[in-house]
Amino acid sequence: VTIPHVVTAIGDYAFYYCYSLESVTIPQGVTTIGDYAFDHCCSLESVTIPQGVEAIGDYAFQYCYSLASVTIPQGVEAIGDYAFYYCYSLASVTIPNSVETIGAHAFNNCHSLASVTIPNSVTTIGNYAFNSCYSLASVTIPNSVTTIGNSAFSYCSGMAHYYVYRTTPPVLGGTNVFVSIPSDCVIHVPAASLSAYQSATNWAAHSAKMVGDL
């Protein structure tokens, strides 16, 4: 499908359940990708999101099983809830430093996701945001992050290292943020803040995995 340049918004459910849609180029001028816009586009392998898009709606690319990579352009401020939920083939994602919120379940069950960079603009990582991302080996959580939702990184069975740079421990939404990760996974925190992390609410449950070396 080719979307003409006069289009400024892709509405809710616009390509919902278009099983055979393989590629789409979203033109310059589009500022919004609506809720469920490409939900269940199971054959969608590539999508180009242009500069100018400010919001990726809830469930926008949910169940796009074939989507292998996505670049989110500078200017997007929020990645909606369930935006890339169950995108099994998604191997890499680029998140620009304009994004402030990664929604709940945004990348939940992206089993192939091996690399993600969380920029130093994100303040909130939602519940289950990266749950069951089996291929992730390390994640850097920058000092801008103040809140991490419950189960945000649970069941990341390939995880070896978390690097958490905030001097004051971010608020955790529960004790399951890092549940069911490998027993030898290390949570790296600022050296001067190690004791604060080990005693902080909900962080204390993971104190045995912490080292202060940042």
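Look up a bit, the structure's there.
Bear in mind the structure is a predicted one, so any value in this text is a computation, not a measurement.

Visitor: Sorry, what's going on with the packing of aromatic side chains here?
Guide: The way to describe two aromatic rings as a pair is by their centre distance and the angle between their planes. For the structure on display, the rule yields 25 aromatic pairs. Each ring, one from tyrosine 13 and one from tyrosine 36, has its centre 4.7 Å from the other, and the planes form 5 degrees; the classification is stacked. Taken together, the residues span a long stretch of sequence, with tyrosine 13 in the loop between β1 (9–10) and β2 (23–25) and tyrosine 36 in the loop between β3 (32–33) and β4 (46–48) at a distance of 23 residues. Taken together, the ring pairs connect Tyr13, Tyr16, Tyr17, Tyr19, Tyr36, Tyr59, Tyr63, Tyr65, Tyr82, Tyr85, Tyr86 and Tyr88 into an aromatic cluster.

Visitor: For this particular structure, what's the right way to read the side chain of lysine 209?
Guide: The topology assignment puts lysine 209 in the loop between α1 (194–199) and β17 (210–212). Of the side chains bearing the opposite charge, aspartate 184 lies closest to the buried lysine 209, which forms no salt bridge; the N-O distance is 6.8 Å. For lysine 209, the side chain forms a polar contact with the main-chain oxygen of proline 182, separated by 3.1 Å. Of the polar contacts made by the side chain of lysine 209, one reaches the backbone oxygen of serine 183; its length is 3.2 Å. Setting aside residues no more than four positions away along its own chain, lysine 209 makes contact with Ile181, Pro182, Ser183, Cys185, Val186 and Ile187.

Rules and cut-offs
- Starting from 1, residues in each chain are numbered consecutively following that chain's sequence as written.
- pLDDT decides what is reported in this predicted model: residues at 70 or higher carry local features, side-chain atom pairs at 80 or more are listed and counted, and totals for whole chains, interfaces and linings draw on all residues regardless.
- With hydrogens and water stripped out, all remaining heavy atoms of the structure feed into the side-chain values.
- The criterion for an aromatic pair is that two Phe, Tyr or Trp rings (for Trp, the six-membered ring) have centres within 6.5 Å, with stacked assigned to planes under 30 degrees apart, edge-to-face to planes over 60 apart and tilted to the rest.
- Helix numbers and strand numbers start at the N terminus; a helix is a DSSP run of H or I with at least 4 residues, a strand a run of E with at least 2.
- Each residue's exposure class comes from its accessible area (1.4 Å probe, protein chains only) as a fraction of the maximum for that residue type: buried when under 20%, exposed when over 50%, partly exposed otherwise.
- Counted charges follow a simple rule, with Lys and Arg positive, Asp and Glu negative, and His plus the chain ends left uncounted.
- Within this document, salt bridges are pairs made up of a side-chain nitrogen of Lys or Arg and a carboxyl oxygen of Asp or Glu, the two lying within 4 Å of each other.
- Here a polar contact is recorded for every N or O atom pair within 3.5 Å, except that within protein the pair must consist of a potential hydrogen donor and a potential acceptor, and residues adjacent in sequence are included only if both atoms are side-chain atoms.
- Here, residues are in contact when the closest pair of their heavy atoms is within 4.5 Å.

Fair warning: the whole summary comes from geometry, so function is off the table for now.
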